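# Chain and residue survey
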Amino acid sequence: MITLFYRRLRRILLVCTLLICADINLYSQAVNQRYQAYIEQYRDIAIEQMLRWHIPASITLAQGLLESAAGQSTLATIGNNHFGIKCHGWQGRTIHRDDDAPNECFRAYDTAYESFEDHSRFLAPGQRYRSLFQLRITDYEGWARGLKAAGYATSPSYAQSLIDIIRRYDLSQYDRARSYDHFVVDHARDANADGQPQHAIFKYNKNYYLYARRGDTFRTLAREVGVSYRRLARYNERNKNDQLEEGEVIWLEKKRTKAPKEFKNHPHRVQAGESMYTIAQKYGIRLKSLYKLNGLSPDYRIQVGDLLRVR
């Protein structure tokens, strides 16, 4: 009887352990995806700031990731403050949040780009961080430890946290960059005429894209990105008067005929809810090209589990 009880207990503990491990794994994947998306969105801005101010792009990205929780913190979502910089004589907009003390004053910005620019201006001119600018641009470890020593943050593990992020996401590669994508940076720098935040611009398959928001149309997006709304609709193989769904991918240039090279021997497996059109949008390829690559007619109805060549 006791033996049976212990067997059941071990089985229950094993199941619980597996469930906990699964939850941890899913959480880690979500964090990793959020970090990767942040890096993709802001790497060109970090490189541009590096070339202008001599601050390693890896350090800027790592600080942004850490201080803003990859853009998800309240300071970032409400005040566009990605670096946790407090007011300290600031004359612009402010936001108050509990930090080392209750209800502390933090700087607030109209755009994320302004936060990146102010971060550079915060570090570069003063005496406090002057010694860091004597370091090599590729010495991210020296920069991380120097920021902690100069009092940028109070956490004892701040420097090591930055170093760990840089290593995990290979951010040091951006410290060797000699150019950046001007379209992405210029778009991030410009504020919308109506005061609404700009859409983040991403690059994939030698093309630019963004994610539609609720209420977006090809006309509203065209005003923001400087492309004719008729042309924008044509690039996405849609009617120019279509109402766009929140979260759908909108390409800003004519799509390619094939997916990137890494998909040469890796077909796409159709998932529930996908269509030929959404798959074409996912890889930035033309719908007719997707049909042609797979020898399919336009009236073919795909099934979950189908394998489709995308290159």
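In the block above lies the structure referred to throughout.
Below, the structure is looked at part by part. (Residues numbered from 1 in each chain as written. Predicted model: local features only at pLDDT ≥ 70, side-chain atom pairs only at ≥ 80, totals over all residues. Heavy atoms only, no water.)

### Brief notes about the sheet that holds strand β4 (residues 207–211)
The line we're drawing: Should DSSP find at least two bridges between two strands, the strands are taken to pair. The secondary structure listing takes helices from DSSP runs of H or I that are at least 4 residues long and strands from runs of E that are at least 2 residues long, numbered from the N terminus. Each axis is a line fitted through C-alpha atoms, taken for helices only over the stretch in contact, and angles between the N-to-C directions span 0 to 180 degrees. For this analysis, residues touch if any pair of their heavy atoms sits within 4.5 Å.
Pairing within the open sheet is antiparallel, and its 3 strands lie in the order β3-β4-β5. Each end of this open sheet is capped by a strand with a single partner; those strands are β3 (202–204) and β5 (249–251). In this sheet, adjacent strand axes meet at a mean angle of 40° when their direction is disregarded. Strands in contact with helix α10 (residues 276–283) are β3 and β5; relative to β5, the strand with the most contacts, it is inclined by about 60°.

### Concerning the state of the cysteines
Condition: Two cysteine sulfurs form a disulfide in these notes if their separation is within 2.5 Å.
Applying the stated criterion across every chain, the model contains 1 disulfide. Between the sulfur of C87 and that of C105 lies a disulfide, 1.9 Å long from S to S. Judged by the sign of its S-S torsion, about -65°, the bond between C87 and C105 is left-handed. In this pair, C87 sits in the loop between α3 (74–79) and β1 (94–97) while C105 sits in strand β2 (residues 104–107), placing the two residues 18 residues apart along the sequence.

### Some words on the pairing of β1
Across 4 bridges, the pairing between β1 and β2 is antiparallel. By the bridge assignment, I95 is partnered in β2 with F106. Hairpin connection between β1 and β2: a loop of 6 residues separates the two successive antiparallel strands, and N103 in this loop has a positive phi of roughly 55°.

### Description of the nonpolar core
Stated formally: Working definition of a nonpolar core: buried Ala, Val, Leu, Ile, Met, Phe, Trp, Tyr and Cys residues. They are joined through side-chain atoms within 4.5 Å. Here's how the labels work: a residue is buried when its accessible area is under 20% of the maximum for its type, exposed when over 50%, partly exposed in between, all with a 1.4 Å probe on protein chains only.
Counting 45 residues, the largest nonpolar core has L65, L123, L147, Y152 and L171 as its most contacted members. Residue assignment for this core shows that the elements contributing at least two residues are α1 (2–53), α2 (57–68), α4 (112–123), α5 (140–149), α6 (158–168) and α7 (182–189). Leave out the neighbours within four places in its chain, and Y152 touches Q63, E67, F83, I85, H119, F122, L123, R128, Y129, L147 and Y158.

### A word on α5
Stated precisely, the cut-off is as follows: When we speak of the arc, we mean the arc of directions from the helix axis to the C-beta atoms.
Among the residues making up α5, those that are buried are Y140, W143, A144, G146 and L147. With its buried residues spanning 165° around the axis, α5 presents them on a single face. Where α5 is buried, its residues touch α2, α4 and α6. Following α5 by one or two positions, G151 adopts a phi angle in the positive range, close to 90°.

### Describing the packing of aromatic side chains
What counts here: Stacked, tilted and edge-to-face are the three classes applied to pairs of Phe, Tyr and Trp rings, where Trp contributes its six-membered ring and a pair requires centres within 6.5 Å; stacked means planes under 30 degrees apart, edge-to-face means over 60, and tilted covers the rest.
Following the criterion strictly, the structure yields 16 aromatic pairs and no others. Between the aromatic rings of F122 and Y152, the centroid separation amounts to 6.2 Å while the plane-to-plane angle is 80°, which identifies the pairing as edge-to-face. Taken together, the residues F122 in helix α4 and Y152 in the loop between α5 and α6 connect sequence positions 30 residues apart. Accessibility expressed as a relative area gives 23% for F122, which makes it partly exposed.

### Topic: a positive patch on the surface
We count it as follows: What makes a patch is a set of residues exposed beyond 30% relative accessible area and free of salt bridges, joined within 9 Å when like-charged and within 5 Å when nonpolar (Val, Leu, Ile, Met, Phe, Trp, Tyr). Only the protein chains shown count as cover for residues, with accessible areas throughout obtained via the Shrake-Rupley method and a probe of 1.4 Å. Basic side-chain nitrogens of Lys or Arg form a salt bridge, by our definition, when they fall within 4 Å of a carboxyl oxygen of Asp or Glu. For the charge count, each Lys or Arg is scored as positive and each Asp or Glu as negative, with His and the chain ends excluded. A single reference atom marks each charge: NZ on Lys, CZ on Arg, CG on Asp, CD on Glu.
Together, R231, R234, K254, K288 and K292 make up a positively charged patch on the protein surface. Mapped onto the positive patch, the elements with two or more residues apiece are α9 (229–235) and α11 (287–293). Structurally, the position occupied by K288 is in helix α11. By relative accessible area, which is 63% here, K288 ends up exposed.

### Thoughts on the packing of α2 against α5
Helix-helix packing: each pair is described by the crossing angle between the helix axes and the interaxial distance. The cut-off we apply is this: Angle categories: roughly parallel below 35 degrees, roughly antiparallel above 145, roughly perpendicular from 65 to 115, and oblique for all the rest. For a crossing to be left-handed, the near helix must be turned anticlockwise from the far one by less than a right angle; the clockwise case is right-handed. Three residue categories are used. Nonpolar comprises Ala, Val, Leu, Ile, Met, Phe, Trp, Tyr, Cys and Pro, charged comprises Asp, Glu, Lys and Arg, and polar comprises the others, including Gly.
Axis separation between α2 and α5 bottoms out at 9 Å; the angle between their running directions is 50°. Taken together, the axes of α2 and α5 are oblique relative to one another. The chirality of how α2 crosses α5 is right-handed. In contact with S58, I59 and Q63 of α2, α5 contributes Y140, W143, A144 and L147. Residue composition of the contact of α2 with α5, grouped by class: 5 nonpolar, 2 polar and no charged.

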